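Each chain, written out:
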Amino acid sequence: MILTDYHMHSSFSDDSEATMTSMIERSIELGFHTICFTDHMDLDFPLEFGGGFVFNGEIYTNQVENLREKYAKQIKVLCGVEYGLRPYLKEQFATLTQIYNFDFIIGSSHLIGNIDPYQKAYWEGITEEEGITKYLEAIYTNVKTFEDYDVYGHIDYVARYAPNQNLNYSYMKYADLIDTIFKTIIQKGKGIEVNTAGYKYGLGHPHPQTDVLKRYKELGGEIITIGADAHKPEHIGYKFKETEELLKSLGFEYYTIFENRQPQFITL
């Protein structure tokens, strides 16, 4: 069984009100042995679309360390972060990585230009195909640009918010872009996350979806972390059983956890 969750948010993220304590205690109830907080660090997020998405790194890392010690006999609590990557922020993220001893870093694409696909404004004046293509092109630019991450988060996040969600999205339709993304990730020794929030959003699969995950493995991708992208305690470990069965059906034999930025492979 998958008993680790490597993508969760607390009140240090602007889109969560959950205390770290509540997230830890729910994880203990579920029998998890390791969790990693990955609160949002989306530098320069436009205020008109919700603002913030940054936290005080010293307070954040100190709080995780205090809770790590408090719950050490019950669960391993690790300190990670989710960077909202954009190329012009490369040096700022590199500095943060040097200052704070994160165990794990998710690199994600939330803003394309200066707009999140979550916002209806992103889709105005473009076709659905153009909107998805722009998103994937931004990921490709990021994976070419950045080194300061361990796995790329929710690769097809854009499918949550496309006008028809994932109805018109598939590996075959965007094969060239997806292949260039994955080849770059693999060549650089990075991985991807399997983000089970896709189920929560009614897509019927995690991010990335099944045919995209299959292609990642075909190209030699080995590093995958599992995370529910929980912003509330009740979403921790969401649909992990279904996800484990899916991964096994695609031929994956293990998943990955990180500590001190070093990968460890766990049998499924």
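Residues numbered from 1 in each chain as written. Predicted model: local features only at pLDDT ≥ 70, side-chain atom pairs only at ≥ 80, totals over all residues. Heavy atoms only, no water.

**As for the sheet that holds strand S6 (residues 191-195)**
Spatially, the 7 strands line up as an open sheet ordered S1-S2-S3-S4-S5-S6-S7, and their pairing is parallel. This sheet does not close on itself; its edge strands, each paired only once, are strand S1 (4-8) and strand S7 (224-227). Both strand S3 (residues 76-84) and strand S4 (residues 104-108) contribute to a ladder of 5 bridges, which runs parallel. If you follow Tyr83 over to S4, its bridge partner there is Gly107. Sheet strands touched by helix H2 (residues 57-70): strand S2 (34-41) and S3. Its angle to S3, the strand with the most contacts, is close to 155 degrees. Along the sheet, helix H3 (residues 90-99) makes contact with S2, S3 and S4, crossing S3 at roughly 165 degrees. (Pairing = 2+ DSSP bridges. Helix = DSSP H or I, 4+ residues; strand = E, 2+ residues; numbered from the N terminus. Contact = heavy atoms within 4.5 Å. Axes fitted to C-alpha atoms, helices over the stretch in contact; angles between N-to-C directions.)

**A closer look at the pairing of S3**
Of all 9 residues that make up S3, 8 are buried, and the element is covered over most of its length. Regarding topology, H3 serves as the crossover connection from S3 to the parallel S4, and that connection is right-handed. (Buried < 20%, exposed > 50% of the residue type's maximum accessible area, 1.4 Å probe, protein only. Right-handed = clockwise from strand over helix to strand, strands pointing away.)

**Section: the pattern of salt bridges**
Within the structure shown, the criterion is met by 12 salt bridges. Arg26 is the salt-bridge partner of Glu29, the closest N and O atoms lying 3.1 Å from each other. Here Arg26 and Glu29 lie together in helix H1 (residues 20-29), a separation of 3 residues that amounts to about one turn. With relative accessibility at 60%, the residue Glu29 sits in the exposed group. Between Arg68 and Glu65 there is a salt bridge whose closest N-O contact spans 3.0 Å. Within this pair, Arg68 and its partner Glu65 are both found in helix H2, separated by 3 residues, close to a single helical turn. A relative accessible area of 23% means that Arg68 is categorised as partly exposed. Here Glu65 falls in the partly exposed class, since its relative accessible area comes to 31%. Taken together, the salt bridges that share partners define one network made up of Glu65, Arg68 and Asp103. (Salt bridge = Lys/Arg side-chain N within 4 Å of Asp/Glu carboxyl O.)

By themselves these figures say nothing about function.
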